[in-house]
Amino acid sequence: MSDGRVAVGQAAVDQLLEVLDLDSTGEMTFRGMSPRVGPQRVFGGQVAGQALVAAGRTVDPERFVHSLHGYFVRPGDPAEPIAYEVENIRDGRSFSVRRAVALQHDKPIFFMSASFQRAEEGLDHQAPAPPDVPAPQDVPTMSDRLARYPERLGIWGQIPRPIDVRYVGEPGWVRPGDRPADPHQRVWMRIDGKLPDDPLLHACALTYASDLTLLDSVLSVHGEVWGPGGVVGASLDHALWFHRPFRADEWFLYDCWSPSASGARGLATGRMFTTDGRQIASAVQEGLLRRVGA
């Protein structure tokens, strides 16, 4: 389904699945493409998700990813294919570790370590989910919010939207001065269609989604916004831990905040909860943040 300008719903999800479906070019090498329409540089969540696809395809499917740590080292060119090279660091009795490097023009643009574990039983506890957060159906849709700021639409009016993103507070792309300072940024998300049952694919989709709004929580502390009159930024690194089984095509709350910002860098951390309060993942990211003129 489309609104006439941009793919949404299952059509957009199918395009995301194409992006995550890497071509095998060897036993431990793969090739990925970027969407036909997108930002001027490759979206960080895309390259991280594709790197996890590459790493996961070299691991016993009975072992599930439980953590990844990646660094963004160069901007990616969306017009060029991305080559992924995977290194088998270790296959133990319970864990497998892989290193994946994303390359363009024979230079790394991103590298990641990921660890996979066979299912085991053990201690189980978690911090509670944030209280008194409105349900996803009770907060504005992305289309509702964008309608208020047509001049801020930009590329977001052209690229597919495979993820239904619903901000509980004001997003970072509103006009300067329209965003009150808030120590937390909370966003409901879900893949806006149906995904196959493959747990690795759901982990890759969650990895993709985890980079969408996390760094914005640094700006939220100050009531700052992205773009003219605000701040420009870029992800420097990204870490993600998967705690419990989940489906990325079901609603989850992304509760993000920033413990520190200094030296033109901001640190952001986030927790993801299902609608029934289970914590499914945690994320940490540092980004480069610089002020720009109006």
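If you're wondering where the values come from, they're calculated on a predicted model, not measured in any experiment. (Residues numbered from 1 in each chain as written. Predicted model: local features only at pLDDT ≥ 70, side-chain atom pairs only at ≥ 80, totals over all residues. Heavy atoms only, no water.)

**Things to note about the overall build of the chain**
Here is step 1 of the chain: Of the regular secondary structure elements, the chain holds five helices and twelve strands.
Here is step 2 of the chain: The C-alpha radius of gyration computed for the chain amounts to 18 Å, which stays within 12% of the reference 19 Å derived for 294 residues, consistent with globular compactness.
Here is step 3 of the chain: Based on the C-alpha atoms only, the size of the chain along its principal axes is roughly 55 × 45 × 45 Å.
Here is step 4 of the chain: Considering the chain as a whole, with its 294 residues, one finds that 49% of them fall into the buried category.
Here is step 5 of the chain: A separation threshold of at least 6 residues defines the contact pool for the chain, and within that pool the share at least 24 residues apart is 73%.
Here is step 6 of the chain: For the chain, the accessible area works out to roughly 14200 Å², and carbon and sulfur atoms hold 52% of it. (Helix = DSSP H or I, 4+ residues; strand = E, 2+ residues; numbered from the N terminus. Rg over C-alpha atoms; globule rule 2.2 N^0.38 Å. Buried < 20%, exposed > 50% of the residue type's maximum accessible area, 1.4 Å probe, protein only. Contact = heavy atoms within 4.5 Å. Areas by Shrake-Rupley, 256 points an atom, 1.4 Å probe, with all protein chains shown as cover.)

**So, the side chain of His202**
Here is step 1 of the chain: With respect to the element layout, His202 can be found in helix α4 (residues 199-213).
Here is step 2 of the chain: With a relative accessible area of 2%, His202 lands in the buried category.
Here is step 3 of the chain: Ignoring anything within four residues of it in the chain, the contact list for His202 reads Leu195, Pro196, Asp197, Phe246, Arg247, Ala248 and Asp249.

**Details of helix α1 (residues 9-20)**
Here is step 1 of the chain: Counted at 1.5 Å a residue, the expected span for α1 with its twelve residues is 16 Å, and the 17 Å between its end C-alpha atoms agrees.
Here is step 2 of the chain: Here α1 has its buried residues at Gly9, Ala12, Val13, Leu16, Leu17, Val19 and Leu20. Viewed end-on, α1 has its buried residues packed into an arc of 155°, placing them on one side of the element.
Here is step 3 of the chain: On its buried face, α1 is in contact with α2 (44-56), β8 (184-191) and α4. (Expected span 1.5 Å × (residues − 1). Arc of directions from axis to C-beta.)

**A closer look at the packing of aromatic side chains**
Here is step 1 of the chain: For the structure shown, the criterion picks out six aromatic pairs.
Here is step 2 of the chain: On the numbers, 5.6 Å between centres and 25° between planes, the contact of Tyr71 with Phe111 is stacked. Here Tyr71, found in strand β3 (residues 63-72), pairs with Phe111, found in strand β6 (residues 107-118); they are 40 residues apart in sequence, far enough to count as distant.
Here is step 3 of the chain: Judged by relative accessible area, which is 43%, Tyr71 ranks as partly exposed.
Here is step 4 of the chain: Relative to Trp173, the ring of Tyr149 lies with its centre 6.4 Å away and its plane at 85°, an arrangement referred to as edge-to-face. Of the two residues, Tyr149 is situated in the loop between α3 (142-147) and β7 (163-167) and Trp173 in the loop between β7 and β8; the sequence distance between them amounts to 24 residues. For the pair shown, Tyr149 and Trp173 are each scored as buried.
Here is step 5 of the chain: Grouping aromatic residues by their ring pairs yields a cluster made of Tyr149, Tyr167 and Trp173. (Phe/Tyr/Trp six-rings, centres within 6.5 Å; stacked < 30°, edge-to-face > 60°.)

**Overview of unusual backbone geometry**
Here is step 1 of the chain: At His105, a position not held by glycine, the phi torsion is positive, near 55°.
Here is step 2 of the chain: Mapped onto the secondary structure, His105 falls in the loop between β5 (95-104) and β6.
Here is step 3 of the chain: With a phi angle near 65°, Asp106 is a residue other than glycine that sits in the positive phi range.
Here is step 4 of the chain: Taking the relative accessible area as the measure of exposure, Asp106 reaches 77% and is therefore exposed.

**Side note on the pairing of β8**
Here is step 1 of the chain: Note that β7 and β8 share five bridges and pair antiparallel. For Val165, the partnering residue across the bridge sits in β8 and is Met189.
Here is step 2 of the chain: In the sheet, β8 pairs with strand β10 (residues 252-262) via six bridges, with the strands oriented antiparallel. If you follow His184 over to β10, its bridge partner there is Trp257. (Pairing = 2+ DSSP bridges.)

The analysis is restricted to geometry; functional conclusions fall outside its scope.
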